[in-house]
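# Notes for the structure review
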Amino acid sequence: MNLQQHLNDFYVQHNIPENGGEDHKTFEVPLPFLKLILPNFSWRKKMLYIHDLEHILNHQDTTWRGEIFIASWEIATGFWKYFPICIFPLWTMGWGLWKHPSSVFSGFKKGSQDVGIAELSISKERILQLSLAELQNLILGKKQVSKYLKLRFLFFTFISQIIFLAPIIVSALILFYFFS
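Just so we're clear, the structure is a prediction, and the values are computed from it rather than from any experiment.

## Digging into helix α5 (residues 101-111)
- Residues Ser 103, Val 104, Gly 107, Phe 108 and Gly 111 constitute the buried set of α5. On an axial view of α5, the arc spanned by its buried residues comes to 125°, and they lie on one face.
- In this structure, the buried residues of α5 make contact with α3 (64-77), α4 (87-99) and α8 (149-179).

## Comments concerning helix α1 (residues 3-13)
- For α1, the full list of buried residues reads Leu 3, His 6, Leu 7, Phe 10 and Tyr 11. Viewed along the axis of α1, the buried residues span an arc of 135°, placing them on a single side of the element. Exposed and facing more than 90 degrees away from the buried side of α1 are Val 12 and Gln 13.
- Looking at the packing, one finds that the buried side of α1 touches α2 (42-57), α6 (124-129) and α7 (132-139).

## Some points on the packing of α3 against α4
- Relative to each other, α3 and α4 sit at 125°, their axes nearing to 8 Å. The orientation of α3 relative to α4 falls into the category oblique. Our pair here, α3 against α4, has a crossing hand that is left-handed. Where α3 approaches α4, its residues Trp 64, Glu 67, Ile 68, Ala 71, Ser 72, Glu 74 and Ile 75 are matched on the opposing element by Pro 89, Leu 90, Trp 91, Thr 92, Met 93, Trp 95, Gly 96 and Lys 99.

## A word on the packing of aromatic side chains
- Counted by the stated rule, this structure contains 16 aromatic pairs.
- Taking the centre distance of 5.8 Å and the plane angle of 45° together, the rings of Phe 79 and Tyr 82 count as tilted.
- Ring geometry for Phe 108 versus Phe 156: centroids 6.2 Å apart, planes at 45°, classification tilted. Of this pair, Phe 108 sits in helix α5 while Phe 156 sits in helix α8, and the two are 48 residues apart along the sequence. Neither Phe 108 nor Phe 156 differs from the other in exposure class; each is buried.
- An aromatic cluster is present here, built from Trp 80, Phe 105, Phe 108, Phe 153, Phe 155 and Phe 156 joined pairwise through their rings.
- Here the guanidinium or amino end of Arg 44 rests over the ring plane of Phe 27, the centre of that ring lying 3.5 Å away.
- The ring of Trp 80 carries the charged tip of Lys 81 above its face, separated from the ring centre by 6.0 Å.

## Here's the deal with the nonpolar core
- Of all hydrophobic cores here, the largest spans 25 residues; its most connected members are Leu 3, Leu 53 and Ile 117.
- When contributions to this core are tallied by element, the ones reaching two or more residues are α1, α2, α3, α6 and α7.
- With residues near it in sequence (within four places) discarded, Ile 117 still touches Ile 50, Leu 53, Glu 54, Leu 57, Trp 73, Ile 127, Leu 135 and Ile 139.
- With 13 residues, the next largest nonpolar core counts Cys 86, Val 104, Phe 153 and Phe 164 among its residues.

## A closer look at the pairing of strand β2 (residues 35-39)
- Sheet analysis places strand β1 (residues 26-30) next to β2, joined by five bridges and oriented antiparallel. Bridging from a neighbouring strand, Thr 26 pairs with Pro 39 of β2.
- Hairpin connection of β1 to β2: four residues between the antiparallel strands.

## Here we look at the side chain of Glu 54
- Inspection of the secondary structure assignment puts Glu 54 in helix α2.
- For Glu 54, the residues in contact, after removing those within four places along its chain, are Ile 70, Trp 73, Glu 74 and Ile 117.

Cut-offs applied
Residues numbered from 1 in each chain as written. Predicted model: local features only at pLDDT ≥ 70, side-chain atom pairs only at ≥ 80, totals over all residues. Heavy atoms only, no water. Buried < 20%, exposed > 50% of the residue type's maximum accessible area, 1.4 Å probe, protein only. Helix = DSSP H or I, 4+ residues; strand = E, 2+ residues; numbered from the N terminus. Arc of directions from axis to C-beta. Contact = heavy atoms within 4.5 Å. Axes fitted to C-alpha atoms, helices over the stretch in contact; angles between N-to-C directions. Parallel < 35°, antiparallel > 145°, perpendicular 65-115°, else oblique. Left-handed = near helix turned anticlockwise from the far one by under 90°. Phe/Tyr/Trp six-rings, centres within 6.5 Å; stacked < 30°, edge-to-face > 60°. Lys NZ or Arg CZ within 6 Å of the ring centre and 35° of its normal. Core = buried A, V, L, I, M, F, W, Y, C linked by side-chain atoms within 4.5 Å. Pairing = 2+ DSSP bridges.

Written out as structure tokens, the structure reads:
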């Protein structure tokens, strides 16, 4: 079974639109008290299949725990280099420190050993024709964990908290300004 077939099964299993919603103009982020609807930017559409393959590769579902693990894994593999898409995993990692901190650390630690799919110089068409075993061979355990793992983790948790808390801080400052 190739990765395209795995993706199709993943989408059906997790009630995700065909192609991960790549053809939609917006996408939803379910938060505890509201559902955030955001534009589905072209740069997000381009990387969406990679994110979904990472769920399959790491055996993670689409619950917040799974999303937090994958976001932290992505940041550790070097996904932070892909601006502006890196805002999403950094924000999710920041949220994860409050919601599922153990998933943040385990995802980051595992990602520090693996090569990210985005780092491969392989076209989307070619990747989707690979088997899961072939992708695992290219990615899993291909890097030696740096002796600076904890320092890198602290740095990215700090950055993720800035990204996560920025909207809250800006909103509080605006409210303070208008009500003072």
